[in-house]
Amino acid sequence: MRWSLRQRFFRFVAKARVVLNLDVWFPQIPMALAVGLLGGLAILNALPRLTRIFPELAGLAPSASLTQAPLLSALGTVPEAIVGIVLLLMAIGLLFRSRFSWAITLMLAAAMLAMLLHHYGFVWSGVVAYNAAILMALLVFRRHFAHTSVAAGTLFAAISILLLMSYAVLGSYVLGAGFSPPIMNLVNALYFSVVTMSTVGYGDIVPKSEDARIFVISIIILGITVFATSISAVVVPLVNGRMQRLLMGEKRRSHRSHYLIIGDNALAQNTYRALRARHLSALVLVPVHPERLWMATEDLMIGDATDLDVLRRAGAQYALGVLALRANDSENAFIILAARELGVSGKTVAAVQNAKHLERLRQIGVDLIISPEVLGGELLALALSGENLAGDVIIHKLFTAKAEGAEI
């Protein structure tokens, strides 16, 4: 049986995935390490310029408007440092295949790439190329980061509240002269920020200047948004997960680049064991639960193999091969017809017990027909008649191709 280049590639990938146990650590661990390194580089790049801010902090005093704040001219490098810190935190979320961490990392990597291009111009330095490579990898492996968990929601809530609180306290202190009475220390700035974001509003500290009022409006809107979003980020995944398990049952793993074995007999069992011994992924589809499990529990699926929905759930359209190995020739023929209707791209194999059905199975377009019962009868007849048992004759009798003269 001749394999196309595409089928050989996917067969190699499927075998490598099992041998290297890629499902356990790839791509989340390499991506987390790469993103963490990118965040570290951003922080290291910003550190020399951040040291210039500290002299400004010594002379920082509350002002009535932003134009009078001397610190703002030295804050140009802070966004890069913040991006680096958040990337380090998001790298932890990527380890858990978090969809939230993936989305935040994608946005931050794009923002950092824009900052680097703005700083260095359109000159592709090593850091710029590394950033672009991470951005491309995030897009390529987007389907691997689909977990919505309470842990990711909690991380999102903690980061959001911490950043909002820092913004509110620093802004209240910088614009302290624009309030009545003036906010002259960080304790009063923290008090005013908490009272404002909680919408309590005691009225003991009131914004008087235009910049202070605009700032208060911003922290009220951001406070309501961040707290509402943070609560939903923690509660919604928990509720959705419980509802999904309640209504739809436990989510099954997706099946790709595998062999779909349909049947519960000696031929199906030996085929499954041979494939697994070669580190190839296999899924067994049977109509009822077998009395004795001869396959791994995760490799078993119950359902009607002639049903297109069942074949879709079994990943037949992504399988390297669909093997109809039941003891009934008619059932095998219907399974192959259903697979053809589904448009499977892998090889189709059918077992035949009766020699009269060989030609009919050829006509429905089976890639490979295996007839062990026919072979047994032919070999017995050859032995009894004293004819030569040539190897090519045995192979031809065992595997009957789709068309005369086809390569095996």
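Residues numbered from 1 in each chain as written. Predicted model: local features only at pLDDT ≥ 70, side-chain atom pairs only at ≥ 80, totals over all residues. Heavy atoms only, no water.

(A) Molecular detail of the UniProt feature "transmembrane region" (unreviewed entry) in the protein. In the UniProt entry, the feature "transmembrane region" (unreviewed entry) is given for residues 20-44, 71-93, 100-117, 123-141, 153-176, 182-202 and 214-239. End C-alpha to end C-alpha, residues 100-117 measures 26 Å, and it is 100% helix and 0% strand. Taken end to end, residues 182-202 has its terminal C-alpha atoms 16 Å apart, with 57% of it in helix and 0% in strand. (UniProt positions renumbered as here; feature names shortened; annotations may be inferred. Helix = DSSP H or I, 4+ residues; strand = E, 2+ residues; numbered from the N terminus.)

(B) Molecular detail of the confidence of the model for the protein. Across the protein, the average pLDDT comes to 79, with 78% of residues at or above 70. Mean pLDDT values over the elements of the protein span from 49, in strand β9 (residues 399-401), up to 96, in strand β3 (residues 259-262). Between residues 400-408, whose pLDDT stays under 50, and residues either more than four places distant or in other chains, the model counts 17 contacts. (pLDDT = per-residue confidence, 0-100. Contact = heavy atoms within 4.5 Å.)

(C) Broad picture of the side chain of H258. The residue H258 is located in the loop between α10 (210-248) and β3 in this model. Polar contacts involving the side chain of H258 include one to the main-chain carbonyl oxygen of A314, which spans 2.9 Å. Once residues lying within four places of it in the same chain are set aside, the contact partners of H258 are S281, A282, L283, A314, G315, Y318, A319, L320 and G321. (Polar contact = N/O pair within 3.5 Å; in protein donor to acceptor, adjacent residues only side chain to side chain.)

(D) Quick peek at the pairing of β3. Neither face of β3 is exposed, since Y259 and I261 on one face and L260 and I262 on the opposite face are all buried. In this region the chain leaves β3, passes through helix α11 (residues 266-277) and returns to the parallel neighbour strand β4 (residues 282-286); the handedness of that crossover is right-handed. (Buried < 20%, exposed > 50% of the residue type's maximum accessible area, 1.4 Å probe, protein only. Right-handed = clockwise from strand over helix to strand, strands pointing away.)

(E) Inspection of the packing of aromatic side chains at higher detail. Per the stated rule, a full pass over the model turns up five aromatic pairs. With a centroid separation of 5.4 Å and an interplanar angle of 55°, the aromatic rings of Y167 and F215 are classed as tilted. Separated by 48 residues along the polypeptide, Y167 in helix α8 (residues 150-174) and F215 in helix α10 bring together distant segments of the chain. Residue Y167 is classed as partly exposed on the basis of its relative accessible area of 36%. Put simply, the rings of W25, F26 and F141 pair up and form one aromatic cluster. Sitting over the ring of Y318, R256 keeps its end group 3.9 Å from the ring centre. (Phe/Tyr/Trp six-rings, centres within 6.5 Å; stacked < 30°, edge-to-face > 60°. Lys NZ or Arg CZ within 6 Å of the ring centre and 35° of its normal.)

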